[in-house]
Amino acid sequence: MPGKTTRRTAQGLLPSAAPVRFVAEDGTAVARPPGGYTEPPAGLLREAYRRMVAGRRFDTQATALTKQGRLAVYPSSRGQEACQVAGALVLGEHDWLFPTYRDSVALVARGLDPVQVLTLLRGDWHCGYDPRAVRVAPQCTPLATQVLHAAGMAEALRRSGEPGAVLALVGDGGTSEGDFHEALNFAAVFASPVVFFVQNNKYAISVPLARQSAAPSLAYKGVGYGVPSEQVDGNDLVAVLAVLTAAMERARAGGGPTLVEAHTYRMDAHTNADDATRYRDAAEVEQWAGADPLARLEAHLLARGELTADDVERARAEAETAAADLRAAMDTEPVGDPLELFDHVFAEPTPQLREQRALLAAELTAEEG
Amino acid sequence: MAKVTMAQALNTALRDALSQDERVLVFGEDVGPLGGVFRITDGLTRDFGEERCFDTPLAESGIVGLAVGMAMGGFRPVVEMQFDAFAYPAFEQIASHVAKLRNRTRGLMSLPMVIRIPYAGGIGGVEHHSDSSEAYYAHTPGLKVVTPATAEDAYWLLRDAVADPDPVVFMEPKKLYWSKQEADLTRRGAAPFGRAAVRRPGRDATLVAYGPSVPVALEAAEVAAGEGVELEVVDLRTIVPFDDETVTASVRRTGRCLVLQEAQGFAGVGAEIAARVQERCFHSLAAPVLRVAGFDIPYPPPKLEHAHLPGVDRVLDAVDRLQFGDTPDLRHLGGRIEGAA
Ligand SMILES: Cc1ncc(C[n+]2csc(CCOP(=O)(O)OP(=O)(O)O)c2C)c(N)n1
Ligand SMILES: [Mg+2]
């Protein structure tokens, strides 16, 4: 049965006029953040800081691994760590995450094994982890298709009366895809416990936001579907955490979906294979470097006395150790068994797949011999 | 045995599946109080409640994508696409996710879901209401593709599809919805899932058909018998998995093979069958494998569909081309053509 959809007024669905912000670029606290959101506790901010340091280091390490041929491709999220880490930290044990190819740092922040996270990007044919065990769907490449799966999982949770909510990640370009809109509409009609989290990093490969959408902000895309929407400074970890926490809590409490747009920036090229100088100016990148989310949180927590220089050192050292571990673990080429390619097409292989498997086995034996 | 229509058999199958497994859900466009435009879900919302059978917003990709998420969450969705051509918006979800999730998770996550699609022509539908789209799905690894031709098969194959651990595209020949047949829906007489059925034995040639073409094949076999040619009619029942064994055994017995499909012929399921038969039965064949199919044109308007659809005459013309009168030159074959003169 469709959930109780109390028709809200359009006014009540609108995002804040300007992105919600708790901390200014220089690390100073904003006097009165809009929207009435609760500031996350200091302990959680310290944890977020550690994971952002680790995430940043993981990301640069992964990019480095592409240069050594250890990864087939890597879409960096450098500059988007506030979104990535907040997205992971708002998840409780019953919640699910539906990520894209861009969101490896979110998976690492969620506690997944970095080597498993990089399985697909290493060039393997499967996602590398057990989605049910970690409550994270396989990283998704066909744009916005995962947003519908997230809505479906949310409906599954709601209909089976299980606790928990779902966080769906999607890019600015992905909000132009039909599946994004269908997902918002379905979730609104069924009042499903799902939060749609758009990381607006200003580009879809080479295409800038202005060519992607004429909406006042992508957050306005929720209004027509009856989905309460919000926009947030995506480089302000405190703000992203506050807004996502509220949205997830509302979802878990039966209040239905929310759309959250985070304004952020993709500091690196689309992937290591892309040349961003063909479509954007160095000056623009330089300007965003001044809005770095990690430097901002660090300055903020240091100024508040929630973080010491020692803590900073320790966080960096831990990240360095993790990066060294990752390098070591990725030093060996994974040897996949070609015959396993037949094993998971169906629960039981068809007679034809059995024949083809035998054919390939014979070919491989002949090659060896 | 009682007489039932295929529509009733499908409805009963959904009822029994809903009763026996609380994880089964039925949803789609107009499947709730209306019972679907073909009434296949008639009364399900009334009898099982909105929780188990419900209408969704109008978006096919949304319906299938939602089903993917719900299956990941432990349900067994059975979704209805309203018509063949209106399932195309869902194609990305079907090809990229429905078909691949098991593989993408190295077997850890399966997608037990059924996508029901009323398909093919013969009901005088206006444009976009009569497509034979089975080849698109059959060409996609990871999908099982089923199409029943009898009421009894409709029931049992749908029960099998719902119970299957993998996704099944269940294609319902809409022109057969109202055909009435004796069918036992309480005790299984139907062949297992994945096996073809010999609907009529015959010694002269094998006629392979599926779904909407099976009644045409049987009618043609009846007429041919009157003219002294005994056709063996094989009903595939499941296109994927494909039952090479039954088809091959039949063709090796008869030495001749026709493949009948309502769909346009080029790159169709019939082409695949013809290739498989000649690969496996070459030395048993006394004539080329012939395809009898629709033409390679967009599905014609209601008043002209009879010209497009392969009927009894087109089948019989093909039978005439099976070279029964020829004396094969056996020299280079060492004389080993079974059944040859
Ligand atoms: C359906 C689909 N179309 C095209 C692509 C190719 N593609 C991969 S990423 C990308 C850009 C996506 O941009 P955005 O949604 O903003 O996410 P970002 O990469 O910036 O994180 C495109 C066009 C795809 N993966 N899926
Ligand atoms: Mg983008």
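Residues numbered from 1 in each chain as written. Chains lettered and ligands numbered in written order. Predicted model: local features only at pLDDT ≥ 70, side-chain atom pairs only at ≥ 80, totals over all residues. Heavy atoms only, no water.

A. Broad picture of the overall build of chain A. Secondary structure summary: chain A contains 14 helices and seven strands in total. A globule of 369 residues ought to have a C-alpha radius of gyration of about 21 Å, and chain A, at 21 Å, matches this closely. When the backbone C-alpha atoms are referred to their principal axes, chain A occupies close to 75 × 55 × 40 Å. Counting all 369 residues of chain A, 53% fall into the buried class. Contacts spanning at least 24 positions in sequence make up 75% of the contacts within chain A whose residues lie at least 6 apart. Here chain A displays about 15200 Å² of accessible surface, and carbon together with sulfur accounts for 53% of that area. The average position of the 35 basic charges and that of the 48 acidic charges among the side chains of chain A differ by 6 Å. (Helix = DSSP H or I, 4+ residues; strand = E, 2+ residues; numbered from the N terminus. Rg over C-alpha atoms; globule rule 2.2 N^0.38 Å. Buried < 20%, exposed > 50% of the residue type's maximum accessible area, 1.4 Å probe, protein only. Contact = heavy atoms within 4.5 Å. Areas by Shrake-Rupley, 256 points an atom, 1.4 Å probe, with all protein chains shown as cover. Lys, Arg positive; Asp, Glu negative; His and termini not counted. Charge placed at Lys NZ, Arg CZ, Asp CG, Glu CD.)

B. Quick peek at the pairing of strand S6 (residues 229-233) of chain A. Residues and elements named next belong to chain A. Within S6, five of the five residues are buried, leaving the element largely enclosed by the surrounding structure. Because side chains alternate across S6, one face comprises the buried residues Ser229, Gln231 and Asp233, and the other comprises Glu230 and Val232, equally buried. When S6 meets strand S7 (residues 258-263), the two strands line up parallel, connected through five bridges. Bridged to Glu230 within S7 is Val260. For the crossover that starts at S6, traverses helix H10 (residues 237-252) and ends in the parallel S7, the hand is right-handed. (Pairing = 2+ DSSP bridges. Right-handed = clockwise from strand over helix to strand, strands pointing away.)

C. Focus on the side chain of Thr119 of chain A. Inspection of the secondary structure puts Thr119 of chain A in the loop between helix H5 (114-117) and helix H6 (131-134). Every residue in contact with Thr119 of chain A, bar those within four places of it in the chain, is listed here: Asp124, His126, Cys127 and Gly128 of chain A.

D. Inspection of the packing of helix H7 (residues 145-159) of chain A against helix H3 (residues 60-72) of chain B at higher detail. With their axes 6 Å apart at the nearest point, H7 of chain A and H3 of chain B run at an angle of 55° to one another. Our classification of the angle between H7 of chain A and H3 of chain B gives oblique. Handedness of the crossing formed by H7 of chain A with H3 of chain B: right-handed. Side by side, H7 of chain A and H3 of chain B meet where Leu148, His149, Ala151, Gly152, Met153, Glu155, Ala156 and Arg159 of chain A of the first sit next to Ser61, Gly62, Gly65, Leu66, Val68, Gly69, Met70 and Met72 of chain B of the second. Each residue belonging to the contact of H7 of chain A with H3 of chain B can be placed in one class, and the counts come to eight nonpolar, six polar and two charged. (Axes fitted to C-alpha atoms, helices over the stretch in contact; angles between N-to-C directions. Parallel < 35°, antiparallel > 145°, perpendicular 65-115°, else oblique. Left-handed = near helix turned anticlockwise from the far one by under 90°. Nonpolar A, V, L, I, M, F, W, Y, C, P; charged D, E, K, R; others polar.)

E. Summary view of the packing of aromatic side chains. Inspection of every chain in the model, using the stated rule, returns 16 aromatic pairs over all chains. Where Phe38 of chain B meets Tyr177 of chain B, the ring centres are 5.1 Å apart and the plane angle is 50°; that geometry is what we call tilted. Note that Phe38 of chain B is positioned in the loop between strand S2 (24-28) and helix H2 (44-48) and Tyr177 of chain B in the loop between strand S7 (168-173) and strand S8 (180-182), a separation of 139 residues in sequence. Classification of Tyr177 of chain B by relative accessible area gives buried; the value is 0%. Measuring from centroid to centroid gives 6.0 Å for Phe91 of chain B and Tyr137 of chain B, while their planes differ by 50°, and the two rings are tilted. Here Tyr137 of chain B lies in helix H6 (residues 134-138) and Phe91 of chain B lies in helix H4 (residues 91-98), a separation of 46 residues in the sequence. Classification of Tyr137 of chain B by relative accessible area gives buried; the value is 0%. Three or more aromatic residues link up through ring pairs in this structure, and these residues are Phe38, Phe83, Phe86, Tyr177 and Trp178 of chain B. In this structure, Arg159 of chain A is placed above the aromatic ring of Phe190 of chain A, and the distance from its NZ or CZ to the ring centre is 5.8 Å. Its guanidinium or amino end placed over the ring of Phe54 of chain B, Arg159 of chain A lies 3.8 Å from that ring's centre, counting from NZ or CZ. (Phe/Tyr/Trp six-rings, centres within 6.5 Å; stacked < 30°, edge-to-face > 60°. Lys NZ or Arg CZ within 6 Å of the ring centre and 35° of its normal.)

F. Broad picture of the interface of chain A and chain B. The partner chain B presents 46 residues to the 42 residues of chain A that form the contact. Taken together, both faces of the contact between chain A and chain B bury some 3600 Å²; the carbon and sulfur share is 61%. Linking chain A with chain B are three salt bridges, by the criterion used here. Ionic pairing is found between Arg159 of chain A and Glu51 of chain B, a salt bridge with its closest N-O pair at 3.6 Å. Scanning the region where chain A abuts chain B turns up 15 residue pairs in polar contact (both at pLDDT 80 or more). Within the residue set of the side of chain A that touches chain B, elements represented by two or more residues are strand S1 (96-98), H6, H7, helix H8 (178-190) and helix H14 (351-368) of chain A. In terms of residue count, H7 of chain A provides more of the side of chain A that touches chain B than any other element does, nine residues in total. (Buried area = accessible area lost by both parts, 1.4 Å probe. Salt bridge = Lys/Arg side-chain N within 4 Å of Asp/Glu carboxyl O. Polar contact = N/O pair within 3.5 Å; in protein donor to acceptor, adjacent residues only side chain to side chain.)

G. Fine view of helix H7 (residues 151-163) of chain B. Its 13 residues give H7 of chain B an end-to-end C-alpha distance of 19 Å, which sits within 8% of 18 Å, the value for a rise of 1.5 Å per residue. Along H7 of chain B, the positions that sit buried rather than exposed are Ala151, Glu152, Asp153, Ala154, Tyr155, Trp156, Leu157, Leu158, Arg159, Asp160, Ala161 and Val162 of chain B. (Expected span 1.5 Å × (residues − 1).)

H. Structural view of the environment of Ala347 of chain A. Note on placement: Ala347 of chain A falls in the loop between helix H13 (309-329) and H14. Given a relative accessible area of 33%, Ala347 of chain A falls into the partly exposed group. When near neighbours in sequence (up to four residues on either side) are disregarded, Ala347 of chain A contacts Arg102, Pro165 and Asp166 of chain B.

I. The pattern of salt bridges, seen in detail. Under the defined criterion, the tally for this structure stands at 49 salt bridges over all chains. Between Asp292 of chain A and Arg56 of chain A there is a salt bridge whose closest N-O contact spans 2.7 Å. In this pair, Asp292 of chain A sits in the loop between helix H11 (282-289) and helix H12 (293-304) while Arg56 of chain A sits in helix H2 (residues 42-67), placing the two residues 236 residues apart along the sequence. Neither residue differs from the other here; Asp292 of chain A and Arg56 of chain A are each classed as buried. Here Arg195 of chain B and Glu245 of chain B are joined by a salt bridge, their closest N and O atoms 3.6 Å apart. Separated by 50 residues along the polypeptide, Arg195 of chain B in the loop between S8 and strand S9 (197-200) and Glu245 of chain B in helix H9 (residues 244-254) bring together distant segments of the chain. Bridged by salt links that share partners, the residues Glu355 of chain A together with Asp244, Glu272, Arg276, Glu279 and Arg280 of chain B form one connected network.

J. Up close: the coordination of the magnesium ion (ligand 2). Residue and element names in this part refer to chain A. Coordination of the magnesium ion (ligand 2) by the protein comes from Asp172 (OD), Asn201 (OD1) and Tyr203 (O), over a distance range of 2.0 to 2.1 Å. Each donor residue of the magnesium ion (ligand 2) lies on the same chain, and together they follow the pattern D-x28-N-x1-Y. With Asp172 in the loop between strand S2 (166-171) and H8 and Tyr203 in strand S4 (residues 203-204), the pair connects residues that are 31 residues apart, well separated along the chain. (Donors = N, O, S within 2.8 Å, 3.2 Å for Na, K, Ca; no water.)

K. Representation of the domain arrangement of chain A in the model. Segmentation of chain A into domains returns domain 1 (10-336) and domain 2 (337-369). Placing the centre of domain 1 of chain A and that of domain 2 of chain A at their C-alpha centroids yields a distance of 39 Å. (Domains from an automatic or database assignment.)

L. Spotlight on the site of ligand 1. The local shell around ligand 1 holds 16 residues, among which Tyr101, Arg102, Asp172, Gly174 and Tyr203 of chain A are the closest. One chain alone does not account for the residues near ligand 1; they come from chains A and B. Here Tyr101 of chain A contributes a side-chain N or O atom positioned 2.7 Å from an oxygen atom of ligand 1. Residue Thr141 of chain A places a main-chain N or O atom 2.9 Å away from a nitrogen atom belonging to ligand 1. Within the shell around ligand 1, the residues separate by chemical class into six nonpolar, six polar and four charged. (Near = heavy atom within 4 Å.)

M. Region of interest: the environment of Ala307 of chain B. Residues and elements named next belong to chain B. Inspection of the secondary structure puts Ala307 in helix H11 (residues 305-308). When its relative accessible area of 43% is taken as the criterion, Ala307 is described as partly exposed. Every residue in contact with Ala307, bar those within four places of it in the chain, is listed here: Phe295 and Arg314.

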